[in-house]
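An overview of the molecular structure
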Amino acid sequence: ETDQALARTKKAALNTEEVAIATNIKLNEQGEQLKRINGDLDELEGVINQARKQLGQLARDAAGDRCIQALCGLITLALVAVVILAVLGKDGGNLNVPDEIRSQ
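Below is a summary of the structure that appears in this document. Each residue is numbered by its place in its chain's sequence as written, counting from 1. Since the coordinates come from a predicted model, pLDDT governs what is reported: local features require at least 70, and pairs of side-chain atoms require 80 or more to be given and counted, while whole-chain, interface and lining totals use all residues. The side-chain numbers reported here are obtained from all heavy atoms of the structure, hydrogens and water having been left aside.

So, the overall build of the chain
Across its full length, the chain holds two helices and zero strands. Throughout, exposure labels follow a simple rule: accessible area from a 1.4 Å probe, protein chains only, divided by the maximum for the residue type, with under 20% read as buried, over 50% as exposed, and the rest as partly exposed. Within the chain, the proportion of its 104 residues that are buried is 3%. Here, Shrake-Rupley sampling with a 1.4 Å probe gives the accessible areas, and only protein chains in the shown set may cover a residue. As displayed, the chain has an accessible area near 9300 Å², and 61% of this comes from carbon and sulfur atoms. For the purposes of this entry, the term helix denotes a DSSP run of H or I that reaches at least four residues, the term strand denotes a run of E that reaches at least two, and both are numbered from the N terminus.

Quick notes on a negative patch on the surface
Taken together, the side chains of D40, D42, E43 and E45 define an acidic patch exposed on the protein surface. Mapped onto the elements of the fold, E43 is located in helix α1 (residues 2-88). To count toward a patch, a residue needs a relative accessible area over 30% and no salt bridge; like charges are then connected within 9 Å, while nonpolar side chains (Val, Leu, Ile, Met, Phe, Trp, Tyr) are connected within 5 Å. The salt bridge criterion pairs a side-chain nitrogen of Lys or Arg with a carboxyl oxygen of Asp or Glu, the two atoms within 4 Å. Only four residue types enter the tally: Lys and Arg on the positive side, Asp and Glu on the negative side; His and the chain ends are excluded. Every charge is mapped to an atom, namely NZ of Lys, CZ of Arg, CG of Asp or CD of Glu.

Topic: α1
Between its first and last C-alpha atoms α1 spans 123 Å; for 87 residues at 1.5 Å apiece the expected length is 129 Å, and the two agree. A positive phi of about 75° marks G89, the residue just after α1. One less than the number of residues in a helix, times 1.5 Å, gives the span that helix is expected to have.

Some words on a nonpolar patch on the surface
Residues L34, I37, L41, L44, V47 and I48 make up a contiguous nonpolar surface patch of about 540 Å² in total accessible area. Judged by relative accessible area, which is 44%, V47 ranks as partly exposed.

Below you can see the structure in the form of structure tokens.
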């Protein structure tokens, strides 16, 4: 009976060792996977930072474009106002406008 108990204990110890080895292998695989994931996250963080910088530059460029658009709009409005004043004869005769347009 003692021999059978000893054999069962040895068998349980061997099973435990096999489970421990399999667990250790799995943990090592998962550790390597975590290292790869960490590397990917670092790379992704770099890409996100670069995208933020480019987005900021794009926003600054767009703001500059808006200023130019606004300036062009104001110049256009000023020209339209001058033409309207000249056509209506309210320019005081100071603008160089053909007589055919003034007489309308």
